[in-house]
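Working through the structure, step by step
Below are the chains, spelled out letter by letter.
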Amino acid sequence: MENILSLLIWIPILGAIIVAFLPRDKENLVRYVSAAITGLEFIVAIVLWRSFDPVNGSMQFMERYEWIPSLNISYILGIDGLSLPMVLLTAMLFFIGVFVSWNIEKAVKGYFALYLLLNAGVLGVFLSLDFFLFYIFWEVMLLPMYFLIGMWGGPQREYAAIKFFLYTLFGSVLMLIGILGLYFTCGKTFDILLIMDRAPEALSGVIWWGMSAAKVIWVLLFIGFAIKVPVFPFHTWLPLAHVEAPTAISVLLAGILLKLGVYGIIRVNYGIMPDQVYWFAGGLAFLGLVNVIWGGLCALAQTDLKKLVAYSSINHMGYSLIGIAAVVAAGEMNGSDLKAAQAGLSGAVFQMFNHGTISAMLFILVGVVYDRAHHRDINGFGGLASQMPIYTGITALAFFAGLGLPGFSGFVSEAMCFIGAFPVFKAIVVLSTIGILLNAAYFLWAFQRVFFGELNEKYKDMKEINGLELFTVIPLAIITLFFGVYPRPYLDLIKATMDQIIEKIAFAASYAVM
Amino acid sequence: MTNLQSLEFFVPEIILVITILACLIADLFLKKSKTDLIGWVLGVGLIIVGLSVYNLSFVPPTTLFLDMIVIDPFSSYMKIVIVIATLLIIVASWANNELSEYRKGEYFTLIGIMVVGLFLMTSSIDIIMLYVSIEVVSIMSFVLAGYLKLNTRSNEAGLKYVIYGAFSSGVMLFGLSLVYGMTGSTNYFVIQEAIASLDSSANPALIMALLMIFAGFGYKISSVPFHFWTPDVYEGAPTTITAYLSVAPKAAGFAMIIRFFHQVFSDSIALSGNTMGYTDLPWPEIIGVLAVVTMTLGNLVAIQQESIKRMLAYSSIAHAGYMMLALPVLSIDAIESIMIYLFVYVFMNLGAFFIVITVKNKTGGETFDEYDGLGWKMPIVGSLMTLFMLSLTGLPPTAGFVGKLYIFKTLVGAGNDFLWLVVAGGINSVISLYYYFRVVKVMFLTGSRSDEISYPPPLMFGLIIVTAVPSLVLGLYWNPLANWVKESLVFYTQTM
């Protein structure tokens, strides 16, 4: 139990090495080994969840080892209510993703080795509490992603891969500068918890380029995370990468990698510079609004089903941004409305998880039809409902979940984001309800065009969704329905940590300079 | 210290000279096909030299030969870096097919002589000694760049190198003579003292001297605007020599710049001095702008190259720029970061060049076309090339990242005035990703599974592994290196 977090990171790394040394002709062996490794990973994550103490809002299962003493770099891991759901989501989606990738034929060994490396990178980001370690894992994700999109992707894969890489690297370079700024102002340490303690005092009065250093560092870090989310106007890499990536990788991109951005904003920006939240929240909510509207409008215009889902991700992450902006309600100047702050932040964190399951489901389902028809043109189908009733049913469920129908988890989290944000950002909340409308429009319209009407003659022999595919979707559908009806277990799990963050931000109101 | 007393501290150079003579004599008795043996002679000699340098790095810093050169931990560190690079190059030369038509006796001998020059560059504290050591290195480089006498590109490289080299060292010599005229001495410490007592009427002359001297230094590290020789020479020279020129003279050049500016033109003798305070010239800004222009130009032009060797030439200009970023600060942190950067740069850059040699031996070319689908045909070479490209881009967890981290750390730590340099350096890393990953793209993203998997010949394979391991391991655990560099940050200083 003591090193369970290290175990989570090192299982996939060792797994990647094992897979790399398997004979390259035994493709099925590679698949089974990868499934076993991610399965083991998932079990460890569940064990971790069962032994996690939800009443305690601080870091648990901390590990700390010296690493590079000359720069005060340590190997520090820890988990709290913010990262635990993300770790569970990661472990689950990576396990499911192996089965989604089952029909990959090209260089199977390389694919799964990179896949496991990606797994390690993502978990590392969620678990590390040392900025250097955090940054290493953040970057370690890039290379496998580059290859997974670039080698196994669609026709424009090379361009998509390098665009993704360049965009993210640009963000991470700015982030590195921000991290180094914190390193020097907060007494030469990379320890995130230590920096959290010291930063408010250490950063006050420091001037960079004639501005408050805290603001500059905030913006540097924010751009790094915003590119991952992606926040408008840094989003242009996303539709391309999503569309070109193989199905499993789109699932992981939408399901987990986008969450890293919001996670980073909450953990790093909010955690270290709580006073600056008040300065930036308005902008954040506005960017959320733009995401909601822009993503919705773009999705409406798409004829490619996968691109539609990709833009829906931009739309959905917008709700999350509005939700996290709502924490400022806790500040004195906004009436110390702790309830609203709680609703907003928990809603945003819940939305991260829900979007993870829902978008994963959507991408898997798009992959199913693409495997059969070899295209994703929304107007090129028609009447599939009569040919594939089970597939139609599940897709209907996923689409309804996506458009935030009550009874599905997406509704709960979106509603919470709005409720939280309403007291502070009334206009933005009102305007962003247009997004919900768009949201419903693009999903329903697409559904109608694909499944209803005359059956397209070409698809007379289209096969029904098979057992393996069902196996990958059903668990996600169950989770979505369950949390839609009974979100309590999730909210209880994160509550203590959320309260702690809000408390910190509420306290920061006292010394925040607007 | 007098000449006779100095000899015992001059053992490495003496062994080196004996080795060189042994190489020359051995060359007389060997058939052309056997001249590889001379590499053994030089290699063994260099190992002994390296060990004796290491031994001497523990003696207290002192001057030798009546204040001509110094021996201090800093110079020992640089010498060891140079010895490592040279040893790797000697081994690679055995495997480089470009050289197989020629006798290699002179080739190895010239490399040996160059090492003597490089050693003196790292340790001279006298402007005459400085000039002589630079010339020794330059003249050997001219000959080596043109070593493939049947190849016109190589001849062109040699000739271009001579012209640029002669010109820039001429300019530098003029600058040095101005310094001598103003101060009446050739010794760094006397000069420093004398400059401090000059009145402001001497400023124009001092500025002239500074700029002219920097022309010579800039030529050695291929900084803009003294870089024009680099691409052509790098492309035409035998690849092993290109690789060597891109690391060893650069290391010595930076050692020389650090020592010169640190001890002649810095405010104080203490290591904390960070401005060239005697003139009203905005010196940190000038060097900063040069650094930014150097890396930006290197990176932007590298994007357009079709030959990987030429691309690496421009990339080495860019890397000189990254290291120069730390020069405006010139604090102890800055010197530390340059030292670390140089060390990791030796491995990652040589590794990339070794792969260029491997591919050229196999396919006879060095353009992007030759790398098409290489990752499928030679998976290990392809993967390790990816590692070197990652490291050169400066992505964690590779050694190149650690180098950049130290440089950026220095600049952020130095405060407000230098922040723009970090931003410029960061954006340049992003630009460089584009062309480094173009190599990865043609290796892996095009092509498909091939049934014939080939491996490089054992010697080359060994070399690639030897450079790949530090390129990765130093990115994950570089504490021993950091400690070694910290211990080596001791300069010989002297107050008059």
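These lines cover the structure that appears in this document, whether it is placed above or below. (Residues numbered from 1 in each chain as written. Chains lettered and ligands numbered in written order. Predicted model: local features only at pLDDT ≥ 70, side-chain atom pairs only at ≥ 80, totals over all residues.)

Looking only at helices and strands, chain A features 20 helices and 4 strands. Here the C-alpha atoms of chain A give a radius of gyration of 22 Å, agreeing with the 24 Å that 2.2 N^0.38 yields for 514 residues. Considering chain A as a whole, with its 514 residues, one finds that 61% of them fall into the buried category. Intrachain contacts of chain A at a sequence separation of at least 6 include 80% that bridge at least 24 residues. (Helix = DSSP H or I, 4+ residues; strand = E, 2+ residues; numbered from the N terminus. Rg over C-alpha atoms; globule rule 2.2 N^0.38 Å. Buried ≥ 20, exposed ≤ 12 C-beta atoms within 10 Å, placed from the backbone. Contact = placed C-beta atoms within 7 Å.)

Geometry of a packed helix pair, given as the angle between the helix axes and the separation of the axes. All names here are of chain B. Contact geometry for helix α14 (residues 332-363) and helix α20 (residues 479-488): axes closest at 10 Å, N-to-C directions at 130°. Compared by their axis directions, α14 and α20 come out oblique. Along this stretch, α14 crosses α20, giving a crossing that reads as right-handed. On α20, the residues that touch E336, M339, I340 and F343 of α14 are L481, A482, V485, K486 and S488. Here the residues of the contact of α14 with α20 sort into 6 nonpolar, 1 polar and 2 charged. (Axes fitted to C-alpha atoms, helices over the stretch in contact; angles between N-to-C directions. Parallel < 35°, antiparallel > 145°, perpendicular 65-115°, else oblique. Left-handed = near helix turned anticlockwise from the far one by under 90°. Nonpolar A, V, L, I, M, F, W, Y, C, P; charged D, E, K, R; others polar.)

An ideal rise of 1.5 Å per residue puts 30 Å on 21 residues; helix α13 (residues 305-325) of chain A measures up with 31 Å between its terminal C-alpha atoms. In terms of burial, α13(A) is a largely internal element, 21 of the 21 residues being buried. (Expected span 1.5 Å × (residues − 1).)

To continue, consider helix α13 (residues 308-324) of chain B. Here α13(B) contains 17 residues, and its C-alpha end-to-end distance of 24 Å stays within 8% of the 24 Å for a straight helix at 1.5 Å per residue. A large share of α13(B) lies buried, amounting to 17 of its 17 residues.

Interface extent is often summarised as the accessible area lost during association of the parts. Contacts between the two partners involve 27 residues from chain B and, on the opposite side, 27 residues from chain A. Within the residue set of the side of chain B that touches chain A, elements represented by two or more residues are α17 (399-414), α18 (419-445) and α20 of chain B. Its residues placed into classes, the side of chain B that touches chain A shows 17 nonpolar, 6 polar and 4 charged.

The next subject is the nonpolar core. Of all hydrophobic cores here, the largest spans 400 residues; its most connected members are L148(A), I324(A), A325(A), A326(A), V327(A), A421(A) and A85(B). Setting aside anything within four residues of it in sequence, one finds V327(A) in contact with V277(A), A341(A), G344(A), L345(A), I502(A) and I505(A). (Core = buried A, V, L, I, M, F, W, Y, C linked by C-beta atoms within 7 Å.)

Turning to the environment of I287(B), a few remarks are in order. Along the polypeptide, I287(B) turns up in helix α12 (residues 283-303). Residues within four places of I287(B) in sequence aside, it is in contact with M324(B), L327(B) and P328(B).

Here we take up the packing of helix α7 (residues 157-185) of chain A against helix α9 (residues 213-228) of chain A. All names here are of chain A. The N-to-C vectors of α7 and α9 enclose an angle of 150°; their axes lie 8 Å apart at closest approach. By the criterion of interaxial angle, the relationship of α7 to α9 is roughly antiparallel. At the point where α7 passes α9, the crossing takes the left-handed sense. On α9, the residues that touch Y167, T168, G171, S172, L174, M175, I177, G178, G181, L182 and T185 of α7 are A213, I217, L220, L221, I223, G224, I227 and K228.

Moving on to unusual backbone geometry. Cis geometry is found at the peptide bond from V229(A) to P230(A), where omega equals -10°. Here P396(B) and P397(B) are connected by a cis peptide whose omega angle stands at 5°. Along the chain, the position of P397(B) falls in the loop between α16 (379-393) and α17. Residues other than glycine seldom take positive phi values, yet L66(B) does so here, at roughly 55°. Relative to the elements of secondary structure, L66(B) occurs in the loop between β1 (62-64) and β2 (69-71).

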